[in-house]
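Survey of secondary and tertiary structure
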Amino acid sequence: MTKKRNISSIVLPLAIAAGVIGGVFIGKYEAVRRLSPQQEKMQTILGLIHTQYVDDIDVDSLMESAIPDLLSSLDPHSAYIPKSELTATNEELEGAFGGVGVSFQILSDTVKVIEVVPGGPAELVGLQPGDMILEADGHKLYGDKLTNQEVFKRLRGKEGTKVSLKVKRKGSSKNLTFDIIRDKIPEYSVDSKYMISDNIGYIRVSKFARTTYNEFFNALVELRKKGAAKFVLDFRGNSGGFMDQAIYMANEFLPAGKMIVYTKGRRPENESFAISDGNGQFQDVEITVLTNEFSASASEIFAGAIQDNDRGLVIGRRSFGKGLVQNPIVLPDSSGMRLTVARYYTPSGRCIQKEYKRGRDGKYELDILDRYNHGEFYSQDSVKMDKSKIFKTPNGRTVYGGGGIMPDIFVPEDTTGFTSYYLEALNRGLIQRFAGEFAENYRPLLKGKTSLDDLERIMPRDNMLLNNFVSFAAANGLPARWYYINKSRSLLLNQLKAVIARDLIGFNSFLEILNQRDTTVKRAVDILNDGKSPINITDSKL
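A brief report on the enclosed structure follows. In this convention, every chain numbers its residues from 1, walking through the sequence in written order. In keeping with the predicted nature of the model, local features appear solely for residues at pLDDT of at least 70, side-chain atom pairs appear and are counted solely at 80 or more, and the whole-chain, interface and lining totals rest on all residues. The side-chain values count all of the structure's non-hydrogen atoms but skip hydrogen atoms and water molecules.

**Considerations on the overall build of the chain**
The condition is simple: To qualify as a helix, a DSSP run of H or I must reach at least 4 residues; to qualify as a strand, a run of E must reach at least 2; elements of each kind are numbered from the N terminus. In this setup the radius of gyration rests on C-alpha atoms only. A globule is expected at 2.2 Å times the number of residues raised to 0.38. Residue burial is assigned from relative accessible area. The probe radius is 1.4 Å, only protein chains are included, and a residue is buried under 20% of its type maximum, exposed over 50%, and partly exposed in between. Any two residues having at least one pair of non-hydrogen atoms within 4.5 Å are treated as being in contact. In short, Shrake-Rupley with a 1.4 Å probe defines the accessible areas, and a residue's cover is counted only from the protein chains shown.
Within the chain one finds 17 helices and 21 strands. Expected size for 542 residues packed as a compact globule is a radius of gyration near 24 Å; at 25 Å, the chain falls within 12% of this value. Taken over the C-alpha atoms alone, the chain extends approximately 75 × 70 × 45 Å along its principal axes. Across the 542 residues of the chain, 49% fall into the buried class. Across the chain, the fraction of contacts at a sequence separation of at least 24, relative to all contacts at a separation of at least 6, is 72%. Of the roughly 26200 Å² of accessible surface on the chain, a fraction of 50% belongs to carbon and sulfur atoms.

**A closer look at the nonpolar core**
For clarity, the cut-off: Buried Ala, Val, Leu, Ile, Met, Phe, Trp, Tyr and Cys residues that are joined via side-chain atoms within 4.5 Å together make up what is termed a nonpolar core.
Among the nonpolar cores identified, the biggest contains 49 residues, and Val232, Ile315, Tyr421, Leu465, Phe469 and Leu492 are the most heavily contacted of them. A total of nine residues in this core trace back to one element, the largest contributor, which is helix α15 (residues 489–504). Residues Ala219, Val221, Val314 and Ile352 belong to the second largest nonpolar core, which totals 43 residues.

**Some remarks on unusual backbone geometry**
One non-glycine residue, Ser297, lies in the positive phi region at around 60°. Taking the relative accessible area as the measure of exposure, Ser297 reaches 0% and is therefore buried. A positive phi angle, near 55°, is found at Asp310, a position not held by glycine.

**A look at helix α10 (residues 420–427)**
Counting along an α-helix, one turn takes 3.6 residues, and residues three or four places apart therefore face a common direction. Condition: Comment: arc refers to directions from the helix axis out to C-beta atoms.
Looking only at α10, the buried set comprises Tyr421, Tyr422 and Ala425. In a view along the axis of α10, the buried residues occupy a sector of 100°, so they form one face of it. Structurally, α10 contributes buried residues whose contacts are with α11 (430–446), α13 (462–475), α14 (482–487) and α15. Following α10 by one or two positions, Gly429 has its phi on the positive side, about 75°.

**Notes on the packing of α10 against α11**
Cut-off, in case you're wondering: With axes taken as lines fitted to C-alpha atoms, and helix axes fitted only over the stretch in contact, angles between N-to-C directions fall between 0 and 180 degrees.
The interhelical angle for the contact between α10 and α11, taken along N-to-C directions, is 65°, at an axis separation of 5 Å. Residue-level contacts link Tyr422, Ala425 and Leu426 of α10 to Leu430, Ile431 and Gln432 of α11.

**As for the packing of helix α6 (residues 212–225) against helix α7 (residues 243–251)**
Here is the rule we go by: Comment on the angle field: the value is read as roughly parallel under 35 degrees, roughly antiparallel over 145, roughly perpendicular from 65 to 115, and oblique elsewhere. It is the rotation of the near helix from the far one that decides the hand of a crossing: anticlockwise by less than a right angle makes it left-handed, clockwise makes it right-handed. Just so you know the grouping, Ala, Val, Leu, Ile, Met, Phe, Trp, Tyr, Cys and Pro go in nonpolar, Asp, Glu, Lys and Arg go in charged, and all remaining residues, Gly too, go in polar.
Viewed as axis vectors pointing N to C, α6 and α7 meet at an angle of 25°, and their least axial separation amounts to 8 Å. In this view, α6 runs roughly parallel relative to α7, as classed from their interaxial angle. Crossing angle aside, the handedness with which α6 passes α7 is right-handed. In this structure, α6 uses Thr212, Tyr213 and Phe216 to contact α7, whose residues at the interface are Gln245, Tyr248 and Met249. Split into classes, the residues belonging to the contact of α6 with α7 amount to four nonpolar, two polar and no charged.

**Some details on α11**
Formally: A helix is expected to reach a length of 1.5 Å times the quantity of its residues less one.
Between the first and last C-alpha of α11 there are 24 Å, a value that for 17 residues agrees with the 24 Å anticipated at 1.5 Å per step. Listed as buried for α11 are Leu430, Ile431, Gln432, Phe434, Ala435, Gly436, Phe438, Ala439, Glu440 and Leu446. Of the surrounding elements, those touching the buried residues of α11 are β3 (102–107), β4 (110–116), α10, α12 (452–458), α13 and α15. Downstream of α11 by a residue or two, Lys447 has a phi angle that is positive, lying close to 55°.

**A word on the packing of aromatic side chains**
For clarity, the threshold we go by: When the centres of two rings from Phe, Tyr and Trp lie within 6.5 Å, Trp using its six-membered ring, the rings pair. Their planes under 30 degrees apart give stacked, over 60 give edge-to-face, and anything left gives tilted. Two conditions define a charge sitting above a ring: the NZ of Lys or the CZ of Arg must be within 6 Å of the ring centre, and it must be within 35 degrees of the ring normal.
This model, assessed by the stated rule, comprises 24 aromatic pairs. With a centroid separation of 5.9 Å and 65° between ring planes, the pair formed by Tyr372 and Tyr378 is classed as edge-to-face. The exposure class assigned to Tyr378 is partly exposed, which follows from its relative accessible area of 35%. Relative to Tyr422, the ring of Phe418 has its centre 5.3 Å away and its plane inclined at 50°; by these criteria the two rings are tilted. What makes Phe418 partly exposed here is its relative accessible area of 37%. You can call Tyr422 buried: its relative accessible area is 3%. Chaining the aromatic ring pairs together yields one cluster made of Phe208, Tyr213, Phe216, Phe217, Phe231, Phe235, Tyr248, Phe253, Phe282 and Phe302. Stacked on the ring of Phe152, the Lys or Arg Arg156 has its end atom at 4.5 Å from the ring centre. For the cation-ring pair, Arg317 lies above Phe377, with the distance from its terminal atom to the ring centre recorded as 5.4 Å.

Here it is as structure tokens:
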């Protein structure tokens, strides 16, 4: 089921919503009719460099290198997008791109196919999970200098164009060649949805693309049909995207007449507000919203709307703190820019943009590292909230402005099981490599079945799985240290099973297994089971 929203039914007026905060570059260049004395000075300087400088200088290239610094000196989020990068930026947020239809991982300097999109171009010609892509149109795709960007460059392209892949497949004595016609490949932003218990559904949203609201709504409907009356909504690591998608999503949970978000800028057209229309189909469900330090922008709009309207609890760690609104603009040469034109405010009136100074002093970029260093990831007492920016929700709960969304319930980062052995295995990629080899050996036993129950039936017992991994790691340069292995036992097994499930079944099962020992998810489930995240929160002592 797909549900389409008419923005006019929610927003009055929200002219900038559809494209702000990292969106598609649909703006039009607005020429400056008059030059100020300083602008004339700049033109004079460039002219003198062009005609009189000792060396022959390409002034266009000089300007191309200066523009990014000019925009970044305004604020941390105004940015220049070169013409060569603009299409890729738009494709990611539009929710589709031209490609072959595989997800991959670079393992041991080689491109390994992890998933093949059902019905996509790669599946139609017979590409399979586990295949190793060696070449694309004769260009080598292996070696220690190979990057994800290089693989994307070779596999993605205009719809209808052909790419020839040379593939190594286990069980085949010869390399295989596949000629694939690129097609539009959907880029999903709801990358996990499942029933975490009999009446609680879990949905993870990884970004806010053009299709996110429809994906999200369909996930809610699907899980409700399976019995979900409560939801864990996971926005951890979601850096944002289209603002309008967050508005539509929040509207599903709010009664009519509730503020969702509003913006203030220097120009009247950049001032707007969004009010819920009362047509949301999930106003009666209990929800929790998960955030962390990488939840930003549109994620914070959603979390702020839920928190400030006393609609549900935010659980996890303080969000990033991005409250600046960017208008995407296409420049005359088909390059683009994101220009900050407004600040957005949550329903209680707080701007949660964290502090920054005009110009590039480096502190803004290091903020997350600073939070880690002073212990904020592990202790709520280490969180530095601005006590001069206190706001109240309608039911009298205290919320803070000036630096991200502070969760109602803080859950520290879980480092249980972290040992030097585990970290070395992780950093060397041994868990992923072992899981990849395991998946190839066990794939035939699944016989095309794709459920966790099916996988569980063919998996070895925990002791055997762990022993096999330790032997594999030792053969690849990581000696067995059983004191540390036993301390990391639960974590190692969880990671191994999750990555194996991802390789054999898909990403949804990967998260389903990881969440079994995720302390933030567990806390959210406990809150919902205890009825502590009701539809209208009245208890100010959480």
